[in-house]
Amino acid sequence: QVQLVESGGGLVQAGGSLRLSCAASGNIFRINAMGWYRQAPGKQRELVAGITSGGSTNYADSVKGRFTISRDNAKNTVYLQMNSLKPEDTAVYYCHAEAPMTISRTTDYWGQGTQVTVSS
């Protein structure tokens, strides 16, 4: 069992920055991919950024060039540096981790979410 705890959310003005952190704890053998999702009221949850255990990253088109995801495997922690924030970035941000059960099966873990609000 793995627990994910996010931190770093808050209220910022447009153009500002925030850094989100997500620390994994529990019975950790290995974590494959980690990522950040967000969900605004009335909208579906969407992938913001993801990173594999090998360091490969991918980003939603809407955040490319503004957000950076990074990972510290030794600390089982993933970060999301968010710069040039826009009101459209306002959402609850959720940390996600994928852990292997077998060589071909994985299970998903989710954090409780942290609110990011960007004012205009």
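Treat the numbers as computed from the prediction; the structure is a model and nothing was measured.

### A closer look at the packing of aromatic side chains
Then step 1. On inspection of all chains with the given rule, the structure shows one aromatic pair.
Then step 2. Ring plane angle 65° and centroid distance 5.0 Å describe the contact between Tyr37 and Trp110, whose orientation is recorded as edge-to-face. Of this pair, Tyr37 sits in strand β4 (residues 34–39) while Trp110 sits in strand β10 (residues 106–110); the two residues are 73 residues apart in sequence, bridging distant segments of the chain.
Then step 3. By relative accessible area, which is 37% here, Trp110 ends up partly exposed.

### A few points about unusual backbone geometry
Then step 1. Look at Asn76: it is not a glycine, yet its phi comes out positive at around 50°.
Then step 2. Mapped onto the secondary structure, Asn76 falls in the loop between β7 (67–72) and β8 (77–82).
Then step 3. In this model, Ser84 sits at a positive phi of 50°, which is unusual for a non-glycine residue.
Then step 4. With respect to the helices and strands, the residue Ser84 is situated in the loop between β8 and β9 (91–100).
Then step 5. When its relative accessible area of 41% is taken as the criterion, Ser84 is described as partly exposed.

### Side note on the nonpolar core
Then step 1. In terms of nonpolar packing, the biggest core is built from 29 residues, with Trp36, Leu80, Met82 and Tyr93 touching the most fellow members.
Then step 2. Listed by contribution, the elements that provide at least two residues to this core are β1 (2–7), β3 (18–26), β4, β5 (46–51), β7, β8, β9 and β11 (114–119).
Then step 3. Among the elements that take part in this core, β9 stands out by supplying five residues, more than any other.
Then step 4. The contacts of Tyr93, once residues within four sequence positions are left out, are Glu6, Leu20, Trp36, Tyr37, Arg38, Val48, Phe67, Leu80, Met82, Gly113, Thr114 and Val116.

Calculation notes
- Residues numbered from 1 in each chain as written.
- Predicted model: local features only at pLDDT ≥ 70, side-chain atom pairs only at ≥ 80, totals over all residues.
- Heavy atoms only, no water.
- Phe/Tyr/Trp six-rings, centres within 6.5 Å; stacked < 30°, edge-to-face > 60°.
- Helix = DSSP H or I, 4+ residues; strand = E, 2+ residues; numbered from the N terminus.
- Buried < 20%, exposed > 50% of the residue type's maximum accessible area, 1.4 Å probe, protein only.
- Core = buried A, V, L, I, M, F, W, Y, C linked by side-chain atoms within 4.5 Å.
- Contact = heavy atoms within 4.5 Å.

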